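This is what each chain is made of:
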Amino acid sequence: MIPDLTNASPETREYYALSEEIRTAAKAIAGPPRPMTHIEVLLAIGTAIANEREAKERGER
C-alpha cells in the first residue's frame, strides 16, 4: 500500500515510485527502523556533500 504522498519528501516519492518487489527487498536488507548514531548522521551528510561536489565537477549540477 502506498501512503498519501502529498507532503512527502522527494526521497519518499522516489522510494514509492520503485516497484513493490524492490521496496520489499530493500526493507528486508535494511531491517527495522532504528535511530542513527551521531557518526552515522555525519557520514550521511558528508557522503551527500561529497556526492554533490563530484556531480558538480562532472558538470551534472
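Think of each chain on its own: its residues are numbered from 1, step by step along the sequence as written. A pLDDT threshold of at least 70 governs which residues receive local features in this predicted model, and a stricter bar of 80 or more applies before side-chain atom pairs are shown or counted, although totals over entire chains, interfaces and linings include all residues. Note that the side-chain values use all heavy atoms of the structure and ignore hydrogens as well as water.

(A) Seen up close, the overall build of the protein chain. When you go through the protein chain residue by residue, the secondary structure sums to three helices and zero strands. Comment: elements are numbered from the N terminus, with helices defined as DSSP H or I runs of at least four residues and strands as E runs of at least two. Ordered by position in the sequence, the α and β elements of the protein chain form the string α-α-α. A compact globule built from 61 residues would reach a C-alpha radius of gyration of about 10 Å, whereas the protein chain, at 15 Å, exceeds it by more than 25%. Along the first, second and third principal axes, the C-alpha set of the protein chain runs to 40 × 30 × 25 Å. Counting over 61 residues, the protein chain shows a buried share of 3%. Note on method: radius of gyration uses C-alpha positions; expected globular size equals 2.2 Å times residues raised to 0.38. Accessible area is worked out with a 1.4 Å probe on protein chains only. A residue is then buried under 20% of its type maximum, exposed over 50%, and partly exposed in between.

(B) Structural context of the pattern of salt bridges. Counted as salt bridges are all cases of a side-chain nitrogen of Lys or Arg within 4 Å of a carboxyl oxygen of Asp or Glu. As enumerated under the stated definition, the model contains two salt bridges in all. A salt bridge links R34 to E40, with the shortest nitrogen-to-oxygen separation between them at 3.1 Å. R58 is the partner of E60 in a salt bridge, and the nearest nitrogen-oxygen pair spans 2.8 Å. By relative accessible area, R58 is classed as exposed at 53%.

(C) Quick peek at the packing of aromatic side chains. Stacked, edge-to-face and tilted are the three classes for Phe, Tyr and Trp ring pairs, Trp counted by its six-membered ring, which pair at centre distances within 6.5 Å; planes under 30 degrees apart are stacked, over 60 edge-to-face, the rest tilted. Inspection of the entire model under this criterion finds one aromatic pair. Measuring from centroid to centroid gives 5.0 Å for Y15 and Y16, while their planes differ by 80°, and the two rings are edge-to-face. Here Y15 falls in the partly exposed class, since its relative accessible area comes to 23%. Y16 gets classed as partly exposed once you look at its relative accessible area, which sits at 22%.

(D) Helix α2 (residues 20–30), seen in detail. Taken across its 11 residues, α2 has one buried, putting it largely on the surface. G31 sits one or two residues past α2 and shows a positive phi near 80°.

(E) Region of interest: the confidence of the model for the protein chain. Chain-level pLDDT for the protein chain is 90 on average; 98% of the residues reach the 70-or-more range. Within the protein chain, no element has a lower average pLDDT than helix α1 (residues 10–17), which sits at 90, and none a higher one than α2, at 92. Per-residue confidence from the predictor is reported as pLDDT, a score between 0 and 100.

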